[in-house]
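Read off the chains here:
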Amino acid sequence: MGKKAMANPTRLPPSNGDEGVVHVVIETEKGSRNKFSYDEDLNIFRLKKVLPEGMSFPHDFGFVPSTLAQDGDPLDVLVLMDEPGCTGCLVECRIIGAICGEQVEDGKKVRNDRLVGVAVPSHTHSDLTDVAKLNPALLREIDNFFINYHQQYGKRFKVLGHCGPKEALGMVRKATKRKKAA
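In this report, we go over the structure that sits alongside the text. (Residues numbered from 1 in each chain as written. Predicted model: local features only at pLDDT ≥ 70, side-chain atom pairs only at ≥ 80, totals over all residues. Heavy atoms only, no water.)

## Comments concerning the overall build of the protein chain
The condition is simple: Numbering of helices and strands runs from the N terminus; a helix is a DSSP stretch of H or I covering at least four residues, while a strand is a stretch of E covering at least two. With the radius of gyration taken over C-alpha atoms, the globule rule is written as 2.2 Å times the number of residues to the power 0.38. Note on exposure labels: buried denotes an accessible area under 20% of the residue type's maximum, exposed denotes more than 50%, and partly exposed covers the range between, all computed with a 1.4 Å probe on protein chains only. By definition, residues are in contact when any of their heavy atoms lie within 4.5 Å. Here, Shrake-Rupley sampling with a 1.4 Å probe gives the accessible areas, and only protein chains in the shown set may cover a residue. Under the convention used here, Asp and Glu are negative, Lys and Arg are positive, and both His and the chain ends fall outside the count. All charge positions are set by atom: Lys at NZ, Arg at CZ, Asp at CG, Glu at CD.
Secondary structure assignment for the protein chain yields 2 helices and 9 strands. Whereas a compact globule of 182 residues would reach a radius of gyration of roughly 16 Å, the protein chain reaches 16 Å, a difference of no more than 12%. Projected onto the principal axes, the alpha-carbon positions of the protein chain cover approximately 55 × 35 × 35 Å. Counting the 182 residues in the protein chain, one finds 46% classified as buried. Relative to all contacts within the protein chain whose residues are 6 or more apart in sequence, the contacts with residues 24 or more apart total 68%. Accessible surface, the protein chain as shown: approximately 9800 Å² in total, 50% of it carbon and sulfur. Across the protein chain, the 26 positively charged side chains and the 24 negatively charged ones have centroids separated by 5 Å.

Okay, here's the thing in structure tokens:
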């Protein structure tokens with residue numbers, strides 16, 4: 001009998017076919033200082049970075065499989081759910097919008113948008129349908145997390161604004177087409 005290995009999560013379908021719902025593979029759980037990322041060459045989640053003392057991920061963070069964002073990685077998603085997930089788990093999320101951002105590294109600008117999704121089974125966030133309905137203070141804190149996160153690693157992140165679910169789902173469609181073309 002052959003050895004069974006973990007499936008490559010970057011190759012999973014981007015959705016289950018339900019309108020507005022995408023698959024998200026969790027890389028880093030809420031409250032963690034450890035930033036994990038999937039290493040396709042080794043077929044495993046790898047510890048990529050450790051955030052400084054006092055800084056942690058405000059919500060679960062992952063990616064939409066079978067997508068390719070403008071920064072060359074799968075499309076990022078910040079996931080709102082009742083309890084932290086775990087690295088490698090698949091969560092079906094209803095997309096409620098995106099944080100539109102631009103990253104500057106070594107003088108080069110590239111779009112680096114972050115989708116915002118609600119875990120389908122969530123009780124706490126089940127009524128959220130649009131990122132515009134998030135508490136403005138919470139949205140500011142999330143924006144500042146990404147600005148500070150990038151600053152820690154010599155990059156600059158600028159929040160260009162926020163968009164609702166329709167535009168964010170358009171980002172998923174474009175990133176899926178980009179991946180198929182790659």
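So that's the structure; there's more coming.
## Considerations on helix H1 (residues 136–152)
An α-helical turn contains 3.6 residues, so a residue and the one three or four places further along point in the same direction. Which entries qualify depends on this criterion: Multiplying 1.5 Å by the residue count of a helix minus one yields the expected span of that helix. Polar contact is defined as a pair of N or O atoms within 3.5 Å, subject to the rule that within protein one atom must be able to donate a hydrogen and the other to accept it, and that residues adjacent in sequence are counted only when both atoms are side-chain atoms.
The terminal C-alpha atoms of H1, which comprises 17 residues, lie 24 Å apart, in line with the 24 Å expected from a rise of 1.5 Å per residue. Sitting at the amino-terminal end of H1 is Asn135, which places a side-chain oxygen 2.7 Å from the backbone nitrogen of Ala137. Where H1 ends, the next residue or the one after it, Gly154, has phi of about 75°, a positive value.

## Considerations on the environment of Thr67
Within the secondary structure, Thr67 sits in the loop between strand S4 (60–64) and strand S5 (75–80). Spatially, the C-alpha atoms of Thr67 and Arg11 are 8.8 Å apart, while their sequence positions differ by 56 residues. Ignoring sequence-local partners within four residues, the contact set of Thr67 consists of Pro14, Asp73, Pro74, Leu75, Val172, Ala175, Thr176 and Lys179. Among the polar contacts made by the side chain of Thr67, one reaches the main-chain carbonyl oxygen of Val64 at a distance of 2.6 Å. Polar contacts involving the side chain of Thr67 include one to the main-chain amide nitrogen of Leu75, which spans 3.0 Å.

## Quick word on the state of the cysteines
For clarity, the threshold we go by: Working definition: a disulfide is two cysteine sulfur atoms within 2.5 Å of each other.
For the coordinates displayed, the defined rule picks out 0 disulfides. As a non-bridged cysteine, Cys89 has Cys86 as the owner of its nearest cysteine sulfur, 4.2 Å distant. With no disulfide of its own, Cys100 lies 3.9 Å from the sulfur of Cys163, the closest cysteine sulfur. With relative accessibility at 7%, the residue Cys100 sits in the buried group.

## Regarding unusual backbone geometry
Positive phi outside glycine occurs at Asn43, with the angle close to 55°. Along the chain, Asn43 turns up in the loop between strand S2 (34–39) and strand S3 (44–50). If you check the backbone angles, Asp106 has positive phi at about 55° while not being a glycine.

## Some points on the pairing of strand S8 (residues 114–119)
Applicable threshold: Note: two strands are recorded as paired if DSSP finds a minimum of 2 bridges between them.
Here S8 lies mainly inside the structure; 6 of its 6 residues are buried. Across the two faces of S8 the burial is the same, with Arg114, Val116 and Val118 and Leu115, Gly117 and Ala119 all buried. In terms of strand pairing, S5 meets S8 through 5 bridges, oriented parallel. Paired with Leu78 across the strands is Val116, a residue of S8. Pairing between strand S6 (residues 90–105) and S8: 6 bridges, direction antiparallel. Of the residues in S8, the one forming a bridge with Ile95 is Gly117.

Read these as geometric descriptors, not functional statements.
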